[in-house]
Amino acid sequence: MAEFNITGIQQVGVGTVDFRKSWNWFIEHFGFDTRILEDDTVAERMLRYTGNKPQKRHACIAMNLQGGGGLEIWQYSERKPEPCPFEIAIGDLGVFCTRVKCLDIKKFHEVMAASWPDVGPVSMLPDGTPCFCVKDLYGNFFQLVERKDVYIPQGKLTGGVIGAMVGVSDMDASIAFYRDILGYDKVIYDETGIFSYWSGLPGSGEQYRRVLLTTSKPRKGAYSDLLGEDSVELFQTLDRKPKKIFEGRYWGDPGFIQICYDVTGMKAFKEFCASKGHPFTVDSCPDDTSFDMGDASGHFCYVEDPDGYLIELVETHKIPVVKKLGWFIDMKKRDQSKSLPRFLFRMMGLVSKEKVKA
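Residues numbered from 1 in each chain as written. Predicted model: local features only at pLDDT ≥ 70, side-chain atom pairs only at ≥ 80, totals over all residues. Heavy atoms only, no water.

Colleague: Can you explain the packing of aromatic side chains? Please cite residues and give values.
Modeller: For the structure shown, the criterion picks out 23 aromatic pairs. Here the aromatic rings of Tyr-184 and Tyr-261 are separated by 6.2 Å at their centres, their planes lie at 65 degrees, and the arrangement is edge-to-face. With Tyr-184 in the loop between α3 (171-180) and β11 (186-194) and Tyr-261 in strand β14 (residues 255-264), the pair connects residues that are 77 residues apart, well separated along the chain. On the basis of relative accessible area, Tyr-184 is assigned to the buried category, the value being 1%. With centroids separated by 6.1 Å and ring planes inclined at 80 degrees, the aromatic side chains of Trp-251 and Tyr-302 adopt a geometry described as edge-to-face. Within this pair, whereas Trp-251 is found in the loop between β13 (231-237) and β14, its partner Tyr-302 is found in strand β17 (residues 296-304), the two being separated by 51 residues in sequence. For the residue pair Trp-251 and Tyr-302, the accessibility class agrees, reading buried in each case. Against the face of Tyr-184 rests Arg-219, its NZ or CZ located 5.1 Å from the ring centre. The residue whose ring lies beneath Arg-249 is Phe-246, and the NZ or CZ to ring-centre distance is 4.3 Å. (Phe/Tyr/Trp six-rings, centres within 6.5 Å; stacked < 30°, edge-to-face > 60°. Helix = DSSP H or I, 4+ residues; strand = E, 2+ residues; numbered from the N terminus. Buried < 20%, exposed > 50% of the residue type's maximum accessible area, 1.4 Å probe, protein only. Lys NZ or Arg CZ within 6 Å of the ring centre and 35° of its normal.)

As C-alpha cells, this is what we get:
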C-alpha cells in the first residue's frame, strides 16, 4: 500500500449564527487574526450532511501564528442556522470543547476575567497541566491549556488549537479509532471518577472515564512545525446516556462541526481507512484531482468516528502567500515531508492579518 502521512490538526470547525461577530471574538480574545483562506460559495460535496441539497455558506480559516491549528468559522448564508436544542454537557457525543494553547495560564486568566464574563477558575488536568475554560459569545466551550512552545513570536498570551475534547459512547472502540486511523498511539492518562473542578461546565460533578491520547512520535510534514503537537481527550459519561450533539441538525449548524487533519497521500489514506472498516463518507475528488476552495485548492474528504462525529481530512495542493501579487505555493511541486519555512507564514501574517471590526 502507498504511503500517507498525517501532519496534525489543521483546524476545528465552528458553526455560528454570525460569521463576523464570531471571527471578531476569536481575534480579540484568542488572537486568530491571520486569514489563510476565505470563501463565500456553495458547499456542493456535503449533501448527505446538508439535507441532500447544496447550501450556500460563508467560511474562513483563521490562525494564530504563535503555533497550533486554526479555526474554520462557518455560517450558512441563506439557511437559518439551527442551534443545538439542548444544553451540551461533558461527554455528549462529538466535540464539546476545543483546546487552545496558552503561554501563561495565570496571566491570561486575569486578562480574560477582566474582559469577558464567562470564564471558569484555573484548575489542573490529571497530568498537572494548568488550564481553565471559557465560553464564547455563542456558548461554545474552549479550554486554555498551558504550553510554552511558540512558532512565530507575536507578543500574545495564546496560540492556536492543540486538541479537542470528544464525547464517546464506547471508550475502547473510540480509542481504537483515534489510535489506528489518526495515529494517537500514546496514552497520557486514563482515569475514571468525578472531576469536581469542572466548575461551570454542564455535567460537572458526574462520573466519567477520560483518556488523553497523543502521538508517540512528532508529526512530520510541510505544516508540522506550525501545527505542533496535538492531542484528543475522550470522555465517556458513566451516569447518564449521552446525547448526540448534531442529532437532527446539519453539518455547519452552530457548534464544533469537525476536527480537520492535514494529510498527504490522500488516495493511500482512503484505501487504508477502508481496510480498517472506516470508509470515507465524502470524497471531493474521487478522480484524485483538485477541488477549488476559493483562495486555495486541495482534496478534502470525511470519515466518521464510531459515534458518527465528522473527521475532515485535507490534502493541500495550493495555498496563497500574497494573493494580490499572485504568489501561491504549489504543494505538489515540493517535498511535503519537509516543513515550510517560517518566513512564508510571517509573510502571510503581514498581508492577511484581520483587524477587529465593529
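Colleague: Describe the sheet that holds strand β7 (residues 123-124), with residues and values.
Modeller: The mixed open sheet is built from eight strands, whose spatial order is β7-β8-β9-β6-β10-β13-β12-β11. In this open sheet, the two strands that pair with only one neighbour each are β7 and β11. Bridging between β7 and strand β8 (residues 130-135) involves two bridges; their strand directions are antiparallel. Each residue of the ladder has a partner; that of Met-124, found in β8, is Pro-130. Where α3 meets the sheet, it contacts β10 (158-167), β12 (207-214) and β13, and its direction lies at approximately 15 degrees from that of β12. (Pairing = 2+ DSSP bridges. Contact = heavy atoms within 4.5 Å. Axes fitted to C-alpha atoms, helices over the stretch in contact; angles between N-to-C directions.)

Take it as geometry only, folks, not as evidence of what the structure does.
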